[in-house]
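# Results of the structural survey
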Amino acid sequence: MVALAFLIPLGLVVQQLARERALADAERQTAVVVAVLTVTTDPLSIERAIASTGGPAVTRVAVHNLGDDGTEIGTGHARPGDLARAADQAAPVIAEVPGGESYLEPVDLGSERTAVVEVFIPTSELESGVAGAWWALGAVALGLIIASVWVADRLASKIIVSARQLAGAAGALSEGYLDVRIDPQGPRELSEASFALNVMADRIMALLSNERELVADLSHRLRTPLTALRLDAETLDDSQDADRIRDAIAALEVEIDKLIRAMREPIDAHSPTPDRGERADGAAATTDEEGCDVAEVVRDRMMFWSAVAGDQERDCKAVGVDAPAPVTVPKSELAAALDALIGNVIRYTPQGVPFEVTVTRREDGYVVLRVEDGGPGIPDPERALQRGESDQGSTGLGLDIVRRVAVAGNGTVNIGTGALGGASVVIVMADADPAPKEEPPPSRWLVGRLSREPSERRSRWWKP
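So, how was this worked out
Residues numbered from 1 in each chain as written. Predicted model: local features only at pLDDT ≥ 70, side-chain atom pairs only at ≥ 80, totals over all residues. Heavy atoms only, no water. UniProt positions renumbered as here; feature names shortened; annotations may be inferred. Helix = DSSP H or I, 4+ residues; strand = E, 2+ residues; numbered from the N terminus. Buried < 20%, exposed > 50% of the residue type's maximum accessible area, 1.4 Å probe, protein only. Contact = heavy atoms within 4.5 Å. Arc of directions from axis to C-beta. Pairing = 2+ DSSP bridges. Axes fitted to C-alpha atoms, helices over the stretch in contact; angles between N-to-C directions. Patch = residues over 30% accessible without salt bridge, like charges linked within 9 Å, V, L, I, M, F, W, Y side chains within 5 Å. Areas by Shrake-Rupley, 256 points an atom, 1.4 Å probe, with all protein chains shown as cover. Salt bridge = Lys/Arg side-chain N within 4 Å of Asp/Glu carboxyl O. Parallel < 35°, antiparallel > 145°, perpendicular 65-115°, else oblique. Left-handed = near helix turned anticlockwise from the far one by under 90°. Nonpolar A, V, L, I, M, F, W, Y, C, P; charged D, E, K, R; others polar. Core = buried A, V, L, I, M, F, W, Y, C linked by side-chain atoms within 4.5 Å.

The name that an unreviewed UniProt entry assigns to the chain is Signal transduction histidine-protein kinase/phosphatase MprB, with the source organism given as Dactylosporangium darangshiense. Comment text from UniProt for the chain, heading Catalytic activity (unreviewed entry), reads "ATP + protein L-histidine = ADP + protein N-phospho-L-histidine." In the Subcellular location (unreviewed entry) part of its UniProt record, the chain is described as follows: "Cell membrane".

See the structure below:
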């Protein structure tokens, strides 16, 4: 743009200068003839004066209206009207003629006679050197553009390299590679952003390490009251309730030991933060479990929850738990999610409200676990799935555990209204031994589809 803005006007100036130079030469030749005409009108003297100008322009000079009979010297190119106009104006006139222009200058000879001196200027002389000047200016413009593009590319490459480096580091950090660092370079703004990213990564490492130490310490502190509970449980009789309490304490001890060991493990900053290996409550999960049978988990947990339901006079039912339904979610994780869902039913619905747990192994390569109740339902499902959000005064982690288990199982979770009239929470997980599967159905019609499944399945009832 700058080259065009300067070089085009410069080319026009060169063209104008060439024309003015040709007109100046014509005016100089005319001045010689005019000087002779002021002294004499002798044709021979005038021809000598024309010849004295020299050069190829000698043949282009003509004198009109030299005598009373209209005598002319040389070959004229101007039209009679242009000659008359020059004589009437008593001033030089430039007239366009075929092949160029004519410079006309009137000369007063007295006795009301006016001669007109004409110098013909061909187009080639009017444009002499213009084409070469345009080519030279074009070459200069092209050179300037090439140089400016190269310089701009060199300057922009520094910015682009810095920006790409910053974007790559930010992407790696978002994927969990906590050891990523950048050498700040480039413009000041990008350099400051790179430095801030390095500081943020260091802060994340420090905060994560501190959090893990804190969780491990708190978990370790739980051992003392848990040991007291275990000792108290040993003093109980051999009733079914006592065995259930002892089993629950033993399971809690195992989970606390796992949590402490996981928190004491060093942070691997060179690998992305795993999604499946992370517990839903924020602690790292153990990796010794690779999958489980959903039906088996439901049977095991319903043995526990059926006793609680019996105490509250609730009917509870499990459907589809006789056929295997393998998934890739660890057994402890799925059991925690199921406990969270049934615990919510027990805690937040009135006594006597029934609930049902259904397991479905679909042909499209997905296993569906559904927990529904006859309570008031969940008014805001989207908010309920957000971590830490609860309308019941709880921690809000229960449904977040469910959501994370669904993600770990390469599936999804949906909350709606079930056949019992209350809340229906559906967990869709990928089948560990699938047939060719399809994409999971959209959540907006998932519950409806499950509600319309045939009801002639075998179900198991737990009665208190």
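After that view, the rundown keeps rolling.
### Quick word on the overall build of the chain
Of regular secondary structure, the chain possesses 13 helices and twelve strands. Looking at the 464 residues of the chain, the share that counts as buried comes to 38%. A separation threshold of at least 6 residues defines the contact pool for the chain, and within that pool the share at least 24 residues apart is 64%.

### Section: helix H3 (residues 80–89)
What H3 keeps buried is the set Asp82, Leu83 and Ala86. When H3 is viewed along its axis, its buried side chains cluster within an angular range of 100 degrees and face the same direction. The outward face of H3, more than 90 degrees from its buried face, is lined by the exposed residues Pro80 and Asp88. At its buried positions, H3 is contacted by strand E1 (61–64), strand E2 (93–97), strand E3 (100–110) and strand E4 (113–122).

### What about the sheet that holds E2?
The strand order E1-E4-E3-E2 describes an open sheet built from four strands, whose pairing is antiparallel. One side of each edge strand has no neighbouring strand; the edge strands of this open sheet are E1 and E2. Here the average twist between neighbouring strands, direction ignored, is 30 degrees. In terms of strand pairing, E1 meets E4 through four bridges, oriented antiparallel. In the sheet register, Val63 faces E4, and the bridge partner there is Val117. Most of the contacts of H3 go to E3, to which it runs at about 45 degrees, and overall it touches E1, E2, E3 and E4.

### Considerations on a nonpolar patch on the surface
On the surface, Leu4, Ile8, Leu12 and Trp134 cluster together into a nonpolar patch covering about 380 Å² of accessible area. If one sorts the elements of the nonpolar patch by residue count, helix H1 (residues 2–37) sits on top with three residues. Tracing the chain through its elements places Trp134 in helix H5 (residues 130–174).

### Section: the pairing of strand E9 (residues 366–373)
E9 sits mainly inside the fold: eight of its eight residues count as buried. The two faces of E9 match: Tyr366, Val368, Arg370 and Glu372 on one face and Val367, Leu369, Val371 and Asp373 on the other face are all buried. For strand E8 (residues 355–361) and E9, the ladder comprises seven bridges, and the chain directions are antiparallel. In the strand pairing of E9, Thr360 is matched with Val368. Adjacent in sequence and paired antiparallel, E8 and E9 are bridged by four residues, among which Gly365 carries a positive phi angle near 95 degrees.

### Looking at the packing of H1 against H5
For the pair H1 and H5, the least separation of the axes is 10 Å and the interaxial angle reads 165 degrees. Comparing the axis directions of H1 and H5 gives the class roughly antiparallel. Pair H1 / H5 crosses with right-handed handedness. Residues Ala3, Leu7, Ile8, Leu10, Gly11, Leu12, Val14, Gln15 and Ala18 of H1 lie in contact with H5, whose contacting residues are Val130, Ala133, Trp134, Leu137, Val140, Ala141 and Ile145. Broken down by class, the residue content of the contact of H1 with H5 amounts to 14 nonpolar, two polar and no charged.

### Here's the deal with the side chain of Thr358
Residue position: Thr358 is located in strand E8. Given the relative accessible area of 2%, Thr358 is considered buried.

### Thoughts on the environment of Gly76
Topologically, Gly76 is positioned in the loop between E1 and H3. Among the residues examined, Gly76 registers a relative accessible area of 35% and is labelled partly exposed. Sequence separation between Gly76 and Ala62 is 14 residues; the distance between their C-alpha atoms is 5.6 Å. Dropping the residues within four chain positions of it, Gly76 is found in contact with Ala62, His64 and Glu118.

### Observations regarding the nonpolar core
Membership of the largest hydrophobic core comes to 40 residues, with the highest contact counts inside it found for Val294, Val298, Leu334, Phe355, Val357, Leu369 and Met429. For this core, the secondary-structure elements that each account for two or more residues are helix H9 (294–311), strand E6 (316–319), helix H10 (331–348), E8, E9, helix H12 (398–408), strand E10 (412–417) and strand E11 (423–430). In contact with Val357, not counting residues within four places along its chain, are Val298, Met302, Lys317, Ala318, Val319, Leu338, Ile342, Leu369, Arg370 and Val371. Within the second largest apolar cluster, 22 residues are counted, among which are Ala26, Val63, Ile73 and Val107.

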